[in-house]
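Descriptive analysis of the structure
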Amino acid sequence: SKLSGNYNLVITISKTDKDLLTTFKSDIGSGHKISEVKPSVFNGCISKPKVSISISSKALYKSLKKLGVSECKSLKLTVPNIKKEYYPSFIRGYFDGDGSIFSYKNKGRIVYRCNIVGSTEFMKWMKSILPIDVRLYKEKRCNGMYYINIQTKKSLEKFYEYLYSKPGYKLKRKFDKYSEFIHNIKRAP
C-alpha cells in the first residue's frame, strides 16, 4: 500500500490475491475500480500480474497516517500504536505481506519453517510480543533488517493459532498453505 500527498491510498497486490482486495472494497463500501497493473521490469525480470485500487479519502488517509502507515513498510515500520488486542490481526497482515512459509528435505525428513522479515526495531518488538519461541537473525543481504525464524513444530502450531484463531482478513493462498503444513506436521511422527 502507498499513501500519496493527495489523500490517496493505493493498494497493489498480486492478481492471484484479488479476492482479498475485492473483500476489502466491499467491506468499506467503496465504489472504486480494481484495475490491472501493467507488469514492471526490474533487473531484467518481469513482475507477476498485479491488481490495484486507488481510494481518495482525506479521513482514511489521516487515520492510516496516524497509525503509522507509510511506503516501504518493510524498511521503515516501527512499533505500531495499537491496542494489544489487535496485535494478532496486525501480525497476520504483516505476515501476509512480508512472511514466508516453506519446507525442505533434510536427511530424508521434511522440515517446515516460517520467516518474517522487517526493520530491526520492528522485528525485535515482534519477537518480544509473540507467545512462541522464535529466533531472530540479522538479514545479511540488507542492512538494518532482521528476520524471525519459526522452526519447531510446537512453535509453528502456536503461531498458526495466533494468526488465525480470530476472524479477519487473511491472504487465502498463504492461509491454505499454512493449514496444509499444520495438517502434515500433526500427521508426522
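Residues numbered from 1 in each chain as written. Predicted model: local features only at pLDDT ≥ 70, side-chain atom pairs only at ≥ 80, totals over all residues. Heavy atoms only, no water.

With that out of the way, let us pick up unusual backbone geometry. We note that K107 has phi near 55°; this positive angle belongs to a residue other than glycine. With respect to the helices and strands, the residue K107 is situated in the loop between β7 (99-106) and β8 (109-119). Residue K107 is classed as exposed on the basis of its relative accessible area, which comes to 82%. (Helix = DSSP H or I, 4+ residues; strand = E, 2+ residues; numbered from the N terminus. Buried < 20%, exposed > 50% of the residue type's maximum accessible area, 1.4 Å probe, protein only.)

Here we come to the side chain of N149. The residue N149 is located in strand β10 (residues 145-150) in this model. Residue N149 is classed as buried on the basis of its relative accessible area of 9%. A polar side-chain atom of N149 sits 2.9 Å from a polar atom in the side chain of N115. Residues contacting N149, with those up to four places away along its chain left out, are R113, C114, N115, V134, R135 and Y137. (Polar contact = N/O pair within 3.5 Å; in protein donor to acceptor, adjacent residues only side chain to side chain. Contact = heavy atoms within 4.5 Å.)

The strand order across the open sheet built from 4 strands is β7-β8-β10-β9, with neighbouring strands paired in antiparallel fashion. The open sheet terminates on both sides in strands that have one partner only, identified here as β7 and β9 (135-138). On average, each strand axis in the sheet is inclined to that of its neighbour by 30°, with strand direction left out of account. Examined bridge by bridge, β7 and β8 share 8 bridges and lie antiparallel to one another. Bridging from a neighbouring strand, K105 pairs with I110 of β8. Its contacts with the sheet put helix α7 (residues 172-187) on β7 and β8, and the angle it makes with β7 is roughly 35°. (Pairing = 2+ DSSP bridges. Axes fitted to C-alpha atoms, helices over the stretch in contact; angles between N-to-C directions.)

The next thing to look at is the nonpolar core. Most often, soluble globular proteins keep nonpolar side chains buried together rather than apart. Core analysis: the largest hydrophobic core is formed by 28 residues, its most contacted members being F95, M126, L130, F159 and Y178. Elements with a contribution of two residues or more to this core: α4 (87-98), β8, α5 (120-129), β10, α6 (153-164) and α7. Among the elements that take part in this core, α6 stands out by supplying 6 residues, more than any other. When residues no more than four places from it in sequence are discounted, the contact partners of M126 are I91, Y94, I116 and I148. Counting residues in each nonpolar core, the second largest holds 10 residues, with L21, I34, V51 and I53 among its members. (Core = buried A, V, L, I, M, F, W, Y, C linked by side-chain atoms within 4.5 Å.)

We now examine the packing of aromatic side chains. Under the criterion given, the structure shown has 17 aromatic pairs. Aromatic pair Y164 and Y178: ring centres 6.2 Å apart, planes at 85°, arrangement edge-to-face. Taken together, the residues Y164 in helix α6 and Y178 in helix α7 connect sequence positions 14 residues apart. On the basis of relative accessibility, which here comes to 13%, the residue Y164 falls in the buried class. Overall, the relative accessible area of 1% leaves Y178 in the buried class. What links up through ring pairs into an aromatic cluster is the set F95, F159, Y160, Y164, F175 and Y178. Over the ring of F175 we find K170; its NZ or CZ atom is 5.0 Å from the centre of that ring. Across from the ring centre of F95, 5.2 Å away, lies the NZ or CZ of K174, which sits over that ring. (Phe/Tyr/Trp six-rings, centres within 6.5 Å; stacked < 30°, edge-to-face > 60°. Lys NZ or Arg CZ within 6 Å of the ring centre and 35° of its normal.)

The next point concerns the pattern of salt bridges. If charged atoms from side chains of opposite charge come close, those side chains can pair. Taken as a whole and assessed by the stated rule, the structure comprises 3 salt bridges. Among the ionic pairs, K15 bridges to E36, the shortest N-O distance being 2.9 Å. One end of the pair, K15, is in the loop between β2 (8-14) and α1 (18-27); the other, E36, is in strand β3 (residues 34-37), and 21 residues separate them in sequence. When its relative accessible area of 36% is taken as the criterion, K15 is described as partly exposed. Here E36 falls in the exposed class, since its relative accessible area comes to 58%. The salt bridge partner of D176 is K172, with a shortest N-O separation of 2.6 Å. Placement of both D176 and K172 in helix α7 is noted, with a separation of 4 residues, approximately one turn of the helix. Classification of D176 by relative accessible area gives partly exposed; the value is 34%. (Salt bridge = Lys/Arg side-chain N within 4 Å of Asp/Glu carboxyl O.)

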